[in-house]
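# Reading the structure
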Amino acid sequence: DTGVSQDPRHKITKRGQNVTFRCDPISEHNRLYWYRQTLGQGPEFLTYFQNEAQLEKSRLLSDRFSAERPKGSFSTLEIQRTEQGDSAMYLCASSFSDRGYYEQYFGPGTRLTVT
Amino acid sequence: AQKVTQAQTEISVVEKEDVTLDCVYETRDTTYYLFWYKQPPSGELVFLIRRNSFDEQNEISGRYSWNFQKSTSSFNFTITASQVVDSAVYFCALPAGGTSYGKLTFGQGTILTVHP
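### Thoughts on the confidence of the model for chain B
- Summing up the model confidence of chain B, the mean pLDDT is 91 and the portion of residues at 70 or higher is 96%.
- The element-level mean pLDDT for chain B is lowest in strand β7 (residues 59-61) of chain B, coming to 85, with strand β12 (residues 110-115) of chain B highest at 98.

### Details of the interface of chain A and chain B
- With 23 residues of chain A in contact, the opposing surface of chain B contributes 20 residues.
- When chain A packs against chain B, close to 1800 Å² is buried across both sides, 52% of that on carbon and sulfur atoms.
- In this assembly, chain A and chain B are joined by 2 salt bridges.
- The salt bridge involving Arg50(B) is made with Glu103(A); its shortest N-O contact spans 3.6 Å.
- Linking chain A with chain B are 4 residue pairs in polar contact (both at pLDDT 80 or more), by the criterion used here.

### Observations concerning the state of the cysteines
- Within this structure, the stated rule accounts for 2 disulfides over all chains.
- Here Cys23(A) connects covalently by a disulfide to Cys92(A), the sulfurs 1.8 Å from one another. Of note, the bridge from Cys23(A) to Cys92(A) carries an S-S torsion of about -70 degrees and is left-handed in sense. One end of the pair, Cys23(A), is in strand β3 (residues 19-24); the other, Cys92(A), is in strand β9 (residues 88-95), and 69 residues separate them in sequence.
- Here Cys23(B) engages in a disulfide with Cys92(B); their sulfurs sit 2.0 Å apart. Judged by the torsion about the S-S bond (-65 degrees), the Cys23(B)/Cys92(B) disulfide is left-handed. With Cys23(B) in the loop between β3 (19-21) and β4 (24-26) and Cys92(B) in strand β10 (residues 88-95), this pair connects stretches of sequence that are 69 residues apart. Here Cys23(B) and Cys92(B) have matching classes, each one buried.

### Quick notes on the sheet that holds strand β8 (residues 75-79) of chain A
All names here are of chain A.
- With respect to topology, 4 strands assemble into an open sheet ordered β1-β3-β8-β7, the strand pairing being antiparallel. Edge positions in the sheet fall to β1 (5-7) and β7 (65-68), since each of these pairs with one other strand and no more. Each strand axis lies, on average, 15 degrees off the axis of its neighbour in the sheet, ignoring direction.
- Where β1 lies against β3, 3 bridges are found, and the strand directions are antiparallel. Directly across from Gln-6, in β3, lies its bridge partner Cys-23.

### A word on the side chain of Ser74(B)
- Within the secondary structure layout, Ser74(B) lies in strand β9 (residues 74-79).
- Once residues within four sequence positions are removed from consideration, Ser74(B) is found in contact with Cys23(B), Val24(B), Tyr25(B), Asn67(B), Phe68(B) and Gln69(B).

### Describing the environment of Lys14(A)
Residues and elements named next belong to chain A.
- Take Lys-14: it is sitting in the loop between β2 (10-13) and β3.
- Sequence spacing of Lys-14 and Gly-85 is 71 residues, and the spatial spacing of their C-alpha atoms is 12 Å.
- Ignoring anything within four residues of it in the chain, the contact list for Lys-14 reads Thr-82, Val-114 and Thr-115.

Definitions and cut-offs
Every chain is numbered on its own, with residues counted from 1 as its sequence reads. Note on labels: chains are lettered from A, ligands numbered from 1, in written order. In view of the model being predicted, local features appear only for residues whose pLDDT reaches at least 70, and side-chain atom pairs are presented and counted only at 80 or more, with totals across whole chains, interfaces and linings using the full set of residues. The side-chain values count all of the structure's non-hydrogen atoms but skip hydrogen atoms and water molecules. Confidence of the prediction at every residue is given by pLDDT, a number between 0 and 100. Runs of H or I in DSSP of at least four residues are treated as helices and runs of E of at least two as strands, each being numbered from the N terminus. Contacts are assigned to residue pairs with any non-hydrogen atoms lying within 4.5 Å of each other. The term buried area means the drop in 1.4 Å probe accessible area that two parts suffer when joined, counted for both and summed. In the sections that follow, a salt bridge refers to a side-chain nitrogen of Lys or Arg positioned within 4 Å of a carboxyl oxygen of Asp or Glu. We call two N or O atoms a polar contact when they sit within 3.5 Å, provided that within protein one can donate a hydrogen and the other can accept it, with sequence-adjacent residues counted only if both atoms are side-chain atoms. Disulfide: a pair of cysteine sulfur atoms within 2.5 Å of each other. Note on exposure labels: buried denotes an accessible area under 20% of the residue type's maximum, exposed denotes more than 50%, and partly exposed covers the range between, all computed with a 1.4 Å probe on protein chains only. By definition, two strands form a pair when at least two bridges between them are found by DSSP. The axes are straight lines fitted to the C-alpha atoms, using for helices just the contacting stretch, and the angles between their N-to-C directions are given from 0 to 180°.

Set out below in structure tokens:
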């Protein structure tokens, strides 16, 4: 499978715990994006990387959220001290970037439930 | 700021009917791209089409067709002879311009249900 992969697919955690999600992009893609999707809504942008550089972070990304992309390959999204409002689907996408703009390909998502 | 509006929250049709999903957008960019994605019950967003604002020609791909009208800021999606497998949530999306070149702004989505 050469698509975007995410792990885990589902995560149930208690409020206050830390969680970490992983995303493996399509291998030749240098851009990686994180989005959050709640029920009945479209995905909302959280942050994105070009290679290992984090180029933009949304105001949605509070101090409890941190993302990394060491060596420009896979990425991790960590949420510290989870809250019930963090319950959502966390989507990762990747794209190629050159002088133009290319479509983003999405992974299957990680569904987080905070109890 | 970019904005995408999909006014139809839910559409229900019977198999073989044609259905059109509406998308209206707002952008200050003079050149831009528009996208449609499909999200089936499995949850994974599937890329359907990318359209450059320079190109206003309608595009057809099998049972799918897209009508882009820059004058009305609309990018509508038509499925001809719908099938049960078309049941999904469909999203229209617009990339941010300028330095925020990467992120996509999505509409709320339209839930399409095709009944046999």
